[in-house]
Amino acid sequence: MSKGRKSVKVELNEQHRQEIEAAFAVCDPDNSGSIDVKDLKVVMRALGFEPRKDEITKLMTTIANKKSGKAASADAKQKVTLEQLIELMKPKLLEKGSRTEIMRAFKLFDDDNTGHITFTNIQRVAKELGENISDEELKEMIAEADTQGSGKVNEEDFYRIMKKTCLY
């Protein structure tokens, strides 16, 4: 986090909690209150994520570190409680939600459904909003966001610039 920014504690909504609880229950059929760490991949898939092996390893290490209070190795015999799972999944679910909102905003710009925001798209939005922005400034905005050098802003560029500018 950069200096000067306040840390805002964001909580999951009830729907997110229920989704996590349902995914957890699938891996805890005997209602023991914990699941094996190796079941994290199943739970994450049930929540709509496609976790990579390194991501699972990192989560396992995070659990191990929190339990021991120091650096510990990821042990496949570890157990994860529902509350631990909620804490682990919170950032991912919140990120997923904000990404959905950002992609909705992207579609408002991309009214011709090309998968890119062009100069014409951004010019139209500026005009609709009554913003008095010169063509040069609009071109600069596109150039700043465009990582491909194509003169257009794709979804990933838009997402990155929205997160960078803290608009979402």
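Our structure's up above, just so we're on the same page.
Residues numbered from 1 in each chain as written. Predicted model: local features only at pLDDT ≥ 70, side-chain atom pairs only at ≥ 80, totals over all residues. Heavy atoms only, no water.

(A) Expanded view of the nonpolar core. Counting 22 residues, the largest nonpolar core has Ile 20, Leu 40, Val 43, Leu 47, Leu 85 and Met 89 as its most contacted members. Those elements that provide at least two residues to this core are α1 (14-27), α2 (40-46), α3 (53-68) and α4 (82-109). At five residues, α4 tops the list of elements feeding residues into this core. For Val 43, the residues in contact, after removing those within four places along its chain, are Ala 23, Cys 27, Ile 35 and Leu 85. Counting residues in each nonpolar core, the second largest holds 15 residues, with Ile 102, Ile 117, Leu 138 and Ala 145 among its members. (Core = buried A, V, L, I, M, F, W, Y, C linked by side-chain atoms within 4.5 Å. Buried < 20%, exposed > 50% of the residue type's maximum accessible area, 1.4 Å probe, protein only. Helix = DSSP H or I, 4+ residues; strand = E, 2+ residues; numbered from the N terminus. Contact = heavy atoms within 4.5 Å.)

(B) How the structure looks around the packing of aromatic side chains. Going through the model one piece at a time under the given rule, you end up with two aromatic pairs. Plain terms: the ring middles of Phe 106 and Phe 158 are 5.4 Å apart, the flat faces sit at 65° to each other, and that makes the pair edge-to-face. With Phe 106 in helix α4 and Phe 158 in helix α7 (residues 155-164), the pair connects residues that are 52 residues apart, well separated along the chain. Both residues of the pair, Phe 106 and Phe 158, count as buried. Three or more aromatic residues joined by ring pairs form one cluster here, namely Phe 106, Phe 109 and Phe 158. (Phe/Tyr/Trp six-rings, centres within 6.5 Å; stacked < 30°, edge-to-face > 60°.)

(C) The arrangement of the pattern of salt bridges in detail. One pass over the full model with this rule turns up nine salt bridges. With a closest N to O distance of 2.5 Å, Lys 92 and Glu 55 form a salt bridge. Here Lys 92 is found in helix α4, whereas its partner Glu 55 is found in helix α3, with 37 residues between them in sequence. Its salt-bridge partner being Arg 124, residue Asp 111 comes within 3.0 Å of it at the nearest N-O pair. Residue Asp 111 is located in the loop between α4 and β3 (116-117), and its partner Arg 124 is located in helix α5 (residues 119-128); the two are separated by 13 residues in the primary sequence. The class of Asp 111 is partly exposed, set by a relative accessible area of 44%. When its relative accessible area of 21% is taken as the criterion, Arg 124 is described as partly exposed. Counted as one network, the salt bridges with shared partners bring together Arg 17, Glu 21 and Glu 83. (Salt bridge = Lys/Arg side-chain N within 4 Å of Asp/Glu carboxyl O.)

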